[in-house]
Each structure stands twice: as structure tokens, then as C-alpha cells.
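Chains, contacts and geometry: an overview
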Amino acid sequence: NAPADSLYPAGTIAMARAGGDAFSMGSQFFIAYSDSAIPTDAAGGYTVIGQVTSGLDELTGTIVAGGIEGGGTDGAPRIPTTITSITIE
């Protein structure tokens, strides 16, 4: 159910995987913290599994503003982050 237009709106939660490997999905996911165009590759797009309904301002205002661990452009946040609860509806 990846977006046909490769656009992931802010707050989208999707399964992470190795580029080009449709079978590499496991327990990792990512949250699009801003509207993001993520191009499909040989394996397609990224499976959308949910949407952030509250707390996106905390994510963008604190965690994202803190940068990426190691100074990269993609990866774990520099500020230690724990998701303490989720609600599935």
C-alpha cells in the first residue's frame, strides 16, 4: 500500500527496508516528520502502516531539531528517543 505518487505526508509511519530488497522488512519503521517524496526503487515503495495523530510537534520541535546521530542525513536521532505508548485503532 505504498503511495502511488511516492509522497509520504508528515506523520506517515511506514516499514523500513534495505534499498531494493522487498523482503528485508522486519521490525524497523520510519516516521515522515515532514511531507516527503521518497522514490520507489526495484522493490517498490515503503508499506504504510499508520499515521501519527498526536505528538508530531514534539517530534519535529525537539527530536528532529537535535539532528541525526553521527551527523548523517538518515538514521537514528541524536537525542535518545523512546516511544512509550501507541494506540492502534
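Look up a bit, the structure's there.
Being a predicted model, the structure only gives us computed values, none of them experimental.

Let's shift gears to the environment of Val 64. Turning to its location among the elements, Val 64 is positioned in the segment after α1 (56-63). On the basis of relative accessibility, which here comes to 26%, the residue Val 64 falls in the partly exposed class. Sequence spacing of Val 64 and Arg 78 is 14 residues, and the spatial spacing of their C-alpha atoms is 8.6 Å. Setting aside residues up to four positions removed in sequence, Val 64 forms contacts with Tyr 33 and Leu 59.

Now for the side chain of Thr 12. Within the secondary structure, Thr 12 sits in strand β2 (residues 12-15). Reaching out from Thr 12, the side chain makes a polar contact with the backbone oxygen of Pro 9 at a distance of 2.7 Å. Sequence-distant contacts of Thr 12, that is, excluding residues within four places in its chain, are made with Phe 30, Ile 31, Ala 32, Val 48, Gly 50 and Gln 51.

Definitions and cut-offs
- Throughout this description, residue numbers start from 1 for each chain and increase along the sequence as written.
- Per-residue local features are limited, in this predicted model, to residues with pLDDT of at least 70; the limit for side-chain atom pairs, both in listing and counting, is 80 or more; totals at the level of whole chains, interfaces and linings are taken over all residues.
- Water and hydrogen atoms play no part in the side-chain values, which are based on all heavy atoms of the structure.
- Only DSSP runs of H or I covering at least 4 residues are called helices, and only runs of E covering at least 2 are called strands; the numbering of each starts at the N terminus.
- Burial status follows relative accessibility: with a 1.4 Å probe on protein chains alone, a residue under 20% of its type maximum counts as buried, one over 50% as exposed, and anything between as partly exposed.
- Note on contacts: a residue pair is in contact if any heavy atoms of the two residues lie within 4.5 Å.
- In the analysis that follows, any N or O atom pair within 3.5 Å is treated as a polar contact, provided that within protein one partner can donate a hydrogen and the other can accept it, and provided that, for residues neighboring in sequence, both atoms belong to side chains.

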